[in-house]
Every structure is written in C-alpha cells, then in structure tokens.
Amino acid sequence: MILLWMIVLLMAGGLLAWLSKKWHPVLPRWIALFALLTDLALAVWIWLSTPAATLGTSPWLIRLEIPWIPQWGVGFSMALDGLSLLMLMLTFFLGILAVLISWREITTKTGFFHFNLLWVLAGITGVFLTMDLFLFYFFWEVMLIPMYFLIGVWGHANRNYAAYKFFIFTQASGLLMLLSILGLYFIHGSQTGTYTFNYFELLNTPLAPLAARLLMFGFLAAFLVKLPVVPFHSWLPDAHSEAPTAGSVILAGLLLKTGAYGLLRFVLPLFPTAAVEFAPWAMLLGVVGIIYGAILAFSQTDLKRLVAYTSVSHMGFVILGVFAFNEWALQGVVMQMIAHGLSTGALFIIAGFLYERLHTRDIRQMGGFWAKAPKMGVIALVFVMASLGLPGLGNFIAEFLTLVGSWQANNWLTVFATTGLVLATVYSLRIMQKVFYESAPTDRPFPDLNTREMLIAVPMVVMILWLGLYPQPVLDTARPALIKQLEAYTPLPEQQIEVALNVIPVDSNFTKAMVWPSTSNSQKSPLGIGALDKEGGRGMKGRQENMKAYPQNTYPQNTLLTDVNIPLTPFKGGLKTSKGDLKMIRKIKPRP
Amino acid sequence: MTQNDFLHLMPLLILTFAALIIMLVIAAWRNHKIIYAITAISFVAAFLSLYELQDVQAYAIAPLFVIDGFAVFYIGLILLASLLISMLSYAYFEQREEQKEEYYILLILSSLGACTLVISTHFASLFLGLEVLSVALYTLIAYLRSRERSDEAGIKYLILAAFSSAFLLFGMALVYFSTGTMTFSGIAAAMAGFQELPLLLLTGFGLMIIGIGFKLSVVPFHMWTPDVYEGAPAPVSAFIATVSKGGVLGLLIRFFMEVDGFRYPVLMLIFTIVAIASMFAGNLLALMQQNVKRILAYSSISHLGYLLVAFLAGNQMGVEAVTFYLVAYFITTVGAFGVVAMLSDKERDAELMDDYRGLLWRRPWTATVFTAMLLSLAGIPLTAGFVGKFYILAAGVNTQLWLLVVMLVLNSVIGLYYYIKIIAVMFQQTEAGQEPLQKLRPSILFASVGTLSLLVLLLVGIGVYPTALVSLISSMLETFHPVALR
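Residues numbered from 1 in each chain as written. Chains lettered and ligands numbered in written order. Predicted model: local features only at pLDDT ≥ 70, side-chain atom pairs only at ≥ 80, totals over all residues. Heavy atoms only, no water.

1. Regarding the overall build of chain A
The helix and strand inventory of chain A stands at 25 helices and two strands. In chain A, which comprises 592 residues, the proportion classed as buried is 66%. In chain A, once contacts between residues fewer than 6 apart in sequence are set aside, the share between residues at least 24 apart is 80%. Of the accessible surface of chain A, which amounts to about 20500 Å², a share of 66% is contributed by carbon and sulfur atoms. (Helix = DSSP H or I, 4+ residues; strand = E, 2+ residues; numbered from the N terminus. Buried < 20%, exposed > 50% of the residue type's maximum accessible area, 1.4 Å probe, protein only. Contact = heavy atoms within 4.5 Å. Areas by Shrake-Rupley, 256 points an atom, 1.4 Å probe, with all protein chains shown as cover.)

2. Focus on the overall build of chain B
From N to C terminus, chain B includes 21 helices and two strands. Expressed as a percentage of the 486 residues in chain B, the buried residues total 66%. Contacts spanning at least 24 positions in sequence make up 80% of the contacts within chain B whose residues lie at least 6 apart. Put simply, chain B shows about 17000 Å² of open surface, and 69% of that area lies on carbon and sulfur atoms.

3. Side note on the packing of aromatic side chains
Residues and elements named next belong to chain A. In total, this model carries 80 aromatic pairs over all chains according to the counting rule given. Measuring from centroid to centroid gives 6.2 Å for Trp68 and Phe76, while their planes differ by 80 degrees, and the two rings are edge-to-face. By the burial criterion, Trp68 is buried, and Phe76 matches it. Seen in terms of ring centroids, Phe166 and Trp235 are 5.4 Å apart; in terms of plane orientation they differ by 55 degrees. Their pairing is tilted. With Phe166 in helix α7 (residues 159–192) and Trp235 in helix α10 (residues 235–242), this residue pair connects regions lying 69 residues apart in the sequence. (Phe/Tyr/Trp six-rings, centres within 6.5 Å; stacked < 30°, edge-to-face > 60°.)

4. Describing the packing of helix α1 (residues 2–20) of chain A against helix α2 (residues 27–49) of chain A
All names here are of chain A. Contact geometry for α1 and α2: axes closest at 8 Å, N-to-C directions at 170 degrees. Considered as vectors, α1 and α2 are oriented roughly antiparallel to each other. Residues Ile2, Met6, Leu9, Leu10, Gly13, Leu16, Ala17 and Ser20 of α1 lie in contact with α2, whose contacting residues are Leu27, Pro28, Ile31, Ala35, Leu36, Thr38, Asp39, Leu42, Ala43, Trp45 and Ile46. Broken down by class, the residue content of the contact of α1 with α2 amounts to 15 nonpolar, three polar and one charged. (Axes fitted to C-alpha atoms, helices over the stretch in contact; angles between N-to-C directions. Parallel < 35°, antiparallel > 145°, perpendicular 65-115°, else oblique. Nonpolar A, V, L, I, M, F, W, Y, C, P; charged D, E, K, R; others polar.)

5. Examining the pattern of salt bridges
Taken as a whole and assessed by the stated rule, the structure comprises 25 salt bridges over all chains. One salt bridge connects A:Glu453 with A:Arg357, and the closest N-O pair in it is separated by 2.8 Å. You can see A:Glu453 sitting in helix α19 (residues 451–469) and its partner A:Arg357 sitting in helix α14 (residues 327–358), a full 96 residues away along the chain. For A:Glu453, a relative accessible area of 1% puts it in the buried group. Relative accessible area serves as the criterion here: at 15%, A:Arg357 is assigned to the buried category. A salt bridge links B:Arg294 to B:Asp227; the shortest N-O distance between them is 3.1 Å. Placement of B:Arg294 in helix α13 (residues 292–313) and of B:Asp227 in helix α10 (residues 224–231) is noted, with a sequence separation of 67 residues between them. Residue classification places B:Arg294 among the buried residues on the basis of a relative accessible area of 17%. With relative accessibility at 18%, the residue B:Asp227 sits in the buried group. One salt-bridge network, in which partners are shared between bridges, spans B:Arg149, B:Glu152, B:Lys156, B:Asp227, B:Glu230 and B:Arg294. (Salt bridge = Lys/Arg side-chain N within 4 Å of Asp/Glu carboxyl O.)

6. Re the interface of chain A and chain B
Taken together, the contact pairs 33 residues of chain A with 38 residues of chain B. Between chain A and chain B, the buried area comes to about 3300 Å², and carbon and sulfur atoms account for 82% of it. When the buried area of chain A at its contact with chain B is split by residue, A:Trp72, A:Tyr164 and A:Leu179 rank highest and sum to 19% of it. Counting across the interface, chain A meets chain B through three residue pairs in polar contact (both at pLDDT 80 or more). Those elements giving two or more residues to the side of chain A that touches chain B turn out to be β1 (62–69), α4 (110–129), α5 (133–142), α6 (144–154) and α7 of chain A. It is α7(A) that contributes the most residues to the side of chain A that touches chain B, 13 residues altogether. Taken together, the residues of the side of chain A that touches chain B sort by class into 26 nonpolar, five polar and two charged. (Buried area = accessible area lost by both parts, 1.4 Å probe. Polar contact = N/O pair within 3.5 Å; in protein donor to acceptor, adjacent residues only side chain to side chain.)

7. Here's the deal with the confidence of the model for chain A
Looking at chain A as a whole, the pLDDT averages 81, with 81% of positions reaching at least 70. Per-residue pLDDT stays below 50 along residues 492–592 of chain A; that stretch engages in 143 contacts with residues further than four places along the chain or on separate chains. (pLDDT = per-residue confidence, 0-100.)

8. As for a nonpolar patch on the surface
Residues and elements named next belong to chain B. Side chains of Ile155, Leu158, Ile159, Phe163 and Phe167 sit close together on the surface and give an oily, nonpolar patch of about 460 Å² of accessible area. Relative to the helices and strands, Leu158 resides in helix α7 (residues 150–179). What makes Leu158 partly exposed here is its relative accessible area of 37%. (Patch = residues over 30% accessible without salt bridge, like charges linked within 9 Å, V, L, I, M, F, W, Y side chains within 5 Å.)

As structure tokens, then:
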C-alpha cells in the first residue's frame, strides 16, 4: 500500500497546491516541498529497513496488486525492487531540488506550476513502480501533459515550439509502444488463454522471432526517443533549453531515466532473443550518440543547449551498457542514471543561477565569474569534473563500469565509446573556461550564491561525492534486480555467476576466450554449435544445447557471462573476430 | 399492437407525447423556463422508462422494430446526450432574443428519430427514423435566423441531406429488388443463399453507404460538416455531432452485423478506405483551421474514422469498443461544444482562436473543462478518450487490422497537434486579469456550469475506472442477437 500512497500523496499534493494558491501565495511551495519530503523519507526508510544482505533470491521488496479493470486483465499492480527504489529516491531528491530552485524563479501562477511539477513526478514515480503494462503506458502518458505545460507556460522565449516538439515526439513513440503492448497481450492471451497485462505473467511468453522483433521495436521506439538515442534526439535540446530550470532538471534528471529504466525493465527480460540480435546495432547507436552528442555540445554557445547535448552523449553510455547484457555494464547503467541525474541536474541549476543574474544563456557573454563568485565557481567545477568523469565522482564509477562491461561484449565499439570520455573533457572544460575563467565581457555586479542556493547545491555535491567514493550501497541495492533482468541471458544459477565475476581478469587472453561464442553465431561456427538463437525460441534453449555439447568439465568457465554478446556483427564483413580469437577458440576446443 | 409492445416502446412514446404537449403549451403560454422544464422532465422520464427494459431479451415488434440490450443502451445514451444538450441549450438560448420555445420541440423530435434508428429492423422504420431526425435538424441548424451563416448552413444541410436520402432510398430499392424483402433478417437470409454478391445488390449497398456515410460525415461525404457546424448554434452542432451520428452508427452496426457484411471483401475494402480517408482528411484539414468550431467539425470526422476501425473488427469486442468509444466521444463532444456555447455572446458564437486566448487566466474553470475535453479527444490518459482509444486499438490488434491500426496511431499524433494548439492558446499569458464572475441566474448557472461539471466528472470517472462501463456494455450486448450469433 505504501507504493500507492507515494503516488497518491504527490497527486493529492498537486491538487492541494493548486487550490491553496487562493489562500496564500507561498502555500503551494510549502505543500509541494512537504509532499516530496514525505515521499523521500518513505523511500529512504524502505531502503534503510531492507539492507541488501537480507534480500533473498527474489529481488522484490514490496508488491501490491489491486484489480482495476478485471475484464481486460488490467490490474493496479505495483512492485518495488532495488532498481525502482534507487530511481524513486532520485526522483524525490531531484523533485525537492526542483521545488527549491523555483522558489524565486517562478513567480507567476505558482499554484498551477506546482500542480504540474508534482504530477510529472507522480507520473514518473508510477512508471518506476508499475508492473502492469497498461498501467505503465498510463503513467508514461500521465507524465507528458504536465511536462508539456511546464515547458509551454513557464519556459523561455521559444517555448511553444519546444513544448510541441517534445510532446509530439514522445506521444508518437509512446503510441507505438502501446501497439506493442497490445500485440504482446493478444499473443500471450491466445497462447495461454489468460488475457492479462501483468508483467510477471507476460515475462515468459514464447514469441516467434519476427513477432518478437516487431514487438521489441515498438517498445524500443518509446524508450529510445525518451532516452534519447541519436537519430531521435532532436526534441531534447529544444525542450531542455526552453524549459524553466526546474523543468530542465526533471527532464534531464528523471524523464530520460524512464527510457533507460524501460529498457532494463521491459526490453531485456521480455525479448531476450530479439534484443541479442539487435544488440550490436544498439551499441553502435550508443557510440554514435556518445561522439555526436559530445561534438555538438562542444559547438554550442547556449549554455543550456550545451548541457542538453552532454546528456545525449552521456545517455549513449546507457544504451551501450544495457545492450552489453552483463552485470558490470548494467551496474554501470544504473550508476550512470543516478550520477547523470545529479550532475546534469546540477549543471542546469547552475545555468539557472547564471540566467537569474545575467538574463542570458549565451556563454559568449559570460566570463570572469571565478573571482566574483567563488562559491558558484567551486560548485560548478565539481559538476563539470563529474560530467567529464573524474575519478572520485559518481560519473566515473558509472562510465568505468559501463565500459568494462561493454568491453566484454564488443571491443571495438568500446574503444570508440572511450574516446567519448576525451571529448567530454573537452566540452566540459570549455564550460569552465568560458564561464568562469576568461576575462569578463561586462562589468556588471555578480552576486555569489546565497544561502538558499547553497542549500540546493551542497547536498548535490555531497551526493555526487558519495556516489564516487563509496558506491557500494547503491550497487548492492541494484544488484538483485539487475540479475533478475538478466535472467534470460544467464543460464546458470546465481552463485556461479558470482564466482565468475570475481575471477574475470579483464584484459587478458581470457577475455578473448570469453567471447568465443560470438563466432559460433551461425552454422559455420568452428565448434558447430550454432544452434544459438536460430531456434527462434528464448535463446536459452540454444545455450542449453551449447552446454550439452561439452562434457561438464571441459566447458570453458566464464563463457556464461558473455556468451551471446556479439552474435551479429554490425557491418558486413566488418568487426569480425580477429585471428587471435579464432586461435583461442581452437585452443579451447573440447578434447574428444 | 399489444400492451407489451407499448411498454417496450415507452421511451419513444414519451418523447412523442412530450413534443405534442410542448406544442400545446406554447400555443397557450410562451415561457422558456416551463417549456424547458417539460423537455427535461420528458427526457428524464423516457430515460427512467428504460429501467423497466434493462433485462430485456430481444423483443421484436415485427417487422419494424426490435428492442434488445443494444437498443436499450443506445437509446439511453441518446436520451442522456439530448438531456445534457437541452440543458446547455437552455443556458445558451436564455441569453438570446429569438423565440426559443419551438427549439425544444425540434430537439425532442430529432432525438426521437435517432432512437427510432437504433431499434429499426426494417427499411421502412429506418427511413422513417432518418427523416424524422433530418427534418428536425434542417430547422434546428437554421434556428438563429438572424445570424449571418445560419441560413447558409441550413440550406446546405437541407440540400445535401435530401440528396443523400434519395441515394439511400434508391439503394434500398435495389436491395429490395435483389432480395425481395425489406427486413434486415430477410435480407440476411437471402444473402446467405447467394454464392457471391449480385451486382445490383452490391450497387444497392453502395448507394446505401452513400446515404449513411453522409449522416456519419465520413470522407468523401463530409463536405457539409465544417460549414454546418460553424453556422449552427453551438448546442445544435453538439447535437449533430453526437446524437445524430450515434443513432446512425447504431443502425449501421445492427444492419451490418445482421447481414454479416464482414464476409464480403469488397464491402470491407470500401469501409477500410472510408475509415482511412476520414482519419487523414479530418486530421489534416483540422490542422489548417483557425476556427474552433471548424476544428471540432474536422476532428469529429476523424473520430468517426477511428470508430470505423473498431466497427471493422466485426466481432463482439469490436462492437463493445465502438460503443465504449461512442460514450467517450459523446461526453467529450458535448462538453467541448458546451464550453463554446458557454463562452458565446449575443451576437456570435465564441469560435475564433482569439476568444480563447489566455482563457485559463481569465476563466480558469471553463478553460480547465475545455482542456480536459480536448485531452480526451486527443486520447490522453485519465480521460475517457484514452480508454476508448485503447479499446479501439485493442479491437483492431485483436483482429489484426494492422494497416488500420497503424493509420490510427499516425492520426492520433497528427490530431494531437491541433488539440494542443487550442490548449496552448488558452494557456498563453495575457495582460487581462481574471474576469469577474458573471452574475448568472441560478437556473442558468445550474444548467451550464452544472452540466459541464457533470461531464468532466464522467470523463475522468470513466477514464480512471472504466470497469463499470465496460461491464455494463458487455452485459447489454449479451442480448444483441447478431453478436450472440457470431
């Protein structure tokens, strides 16, 4: 029930905030703040009361099932695992910051503003919690409208265009997802006789390869647009730069994360075969996004647009990691979701502070603020460093884990992805240079951060440092959930995976050995066990046959981790396994 | 006719008598409030008389009518919509100079026509119902004679409707010629005997589709819609968009299910083309409009296209989806036109974008209602429109009408654009402060504000908890004999 209360609290708080404007102009702010603080306290309480060690084999902490539209098999079904819990805490934390930064920035229609703010957050909370696909789509849409209003009413000059674009992009892609949901619903129904939208029931729907592919693309449409992945990213810079600061924070910090969350929660477990097929392309898109976003970020003059493009770049790591299908990468993705939410949110907040003082977002008109506003300079420096991936800050852990994981899946793409870190350094330092170091173009007075602003900035610094220095609690919390998501990809029980994880020497011949099944993708494979994924089944089957091909003791250890990582090569003839790989494979050929 | 027949036709009889009584009362004493009270009471009474019929098994009054669950549901829907529209009309006409009493006679008569349509099982009763509906509508559309565009709209509707009736009649004649009967079941039996459709019968169906298509204002028979919607008084536009179309759609479902037209690829092809064309033409043309009433007109064309998608599914789920969507569409359309009516002044209806600029800050409540209605038209969650669209998509996916389903999705996105355009205009910041609340008389206030509040509650209620409506519809459809057969 507590899960429901979290959402109800936000929704009721929103309505109350809207109405309370009549009684007192400051009341909406306090109501919003109070609702979010309560929710954060609830989430943290859940987190503290269930230490990671006590988690058993099931990753689910709390579940809630209420029938809603029984005729259609729709239930008000919610569940909380480590992944959702982390996302919820991020949601409420950023929500509180969003209320605080709007304290002075938003002066018109405050009641309606806080209504929208809380309802966006309610929609996002719902997305992170719901385990019913109908309900998921419902919340997916619920968060759009208030966001549209946040951009369209309180945004900057070009807000209408940006709001439209945001809305139409996300709505169109969402409808494709709805079609896929319905397709899955009917396929499941016709096979089992129970028509249901329940996630847990739909999980093991056997799908024909073509159907799986089509359905997956429907889901991907929604998530890749939201993430965004490069060809679909064009709504993001407009929406981010035109939104008010609170809107940008929520967009960058939370809305993008719903896309990543959707990939983890739905695409991976529902369509393992199709996802494996698509993985090289997805990773390629991720790498393109990383580099393209970084280059575009470097060439922006509008500070908020610049930060927006860094999001494109950072989200490239997310998709790269998700489609690496191993625990390292997924841990990296979760860390990236949280760290990026904090660091980019913070950069938008700093952009907001600057805008409040200068009434421009053009970095050519900024400069020399280091001397005038040292506090702001230090804080900006922390988050710029976080954004470029400096060790000791959250983003470093995230990107490192992601790259380690994706290296096991695809070496070359990972090499290119790593160049993104260099590019990140270039654009991030440019922010510092242009805004804080160069000589000042104007001689206007420039007040430093006041108490309220420090109150916003300091917790973020603390959080990002904590994530960078001691990420273990976060990793522990996410781990059972992630293993669950990867269940379809790892045929052996958990314990052995743990062992495997501990013994992987990352950069050794062994790593190459680990990728051997990639060459066994087709019937031509040297080991002659190419049944993998040609089954049209769940991939599992193929892998189990792989297992059978070996006597127990000769089966190369650790292959289970990555055994399906590069079944398809993205280029015809390109990205083939090197001769060395083949040599390795000969080496590990089972003895007769 | 037996006593039982009378009992089953009670809602229609009440409406007939109400029209007569109002006519007599007007002759004696012209008073808007009293006439309105009689109208409202008769609608309510007719609706309550349905209570007796709630568990009705298909009761045939051969050969003209049949009263089954489907009919009862549609009659109920029509009556409720008419009641709400009459309430809006009361607030709307109270502010105007014209003689307003006769309006209610016409409103009742056209509702009667729509009710007749949904219980018809014979060409004669079909045509009778259609003409009662149309003739009353001619006058309703041109009711505010002094308005610039009302004559144009009235004449346009008159000529085109007469034309379409002629097509319909000729089509019926051809069907009669081929099958030798005018009852739906007789036609179905005759058609079952044919190996394939004879050309004359097919021509007959084609001509009938023209007549029906005109009433439904689907492409390519939609030309009249925007002009008539624009010229007619706002409540009348709401009436045309809902009751008139709902009645005809009910008839279409009954006829098509009875003769099982889904077996014939050529008929399916015609309807598929019509559905896709309606969605696209409606939405694309709406994009270019600056007039709110015209936008709503084009949007209603595209919504009929959506409805046809579920109709083409042709199974029980399809009929349920059509019915559910129709309920959502009724609520939304009446609400939207209700807002237009509420904002209208003595000279003209509030139909320009300028009338809505910054409405949220001037009249927050009205703007919220309108926003809710538009979001429902766009199919956004928490509104009935979302569940309806979901239902239609489900019906389409279920019968694998992929082309239609994808077109529907594409059109939903196009549609979003113009709905949002209106919303964006309403949310624009203007200098004007909040308007002082108008001092309305309590009766008017109740009629307009009360109606709109009720509609919003229904909209959100169905959007959040559709279970009740879904089970009501499926239980009502149990006695719908063509569906039960399939």
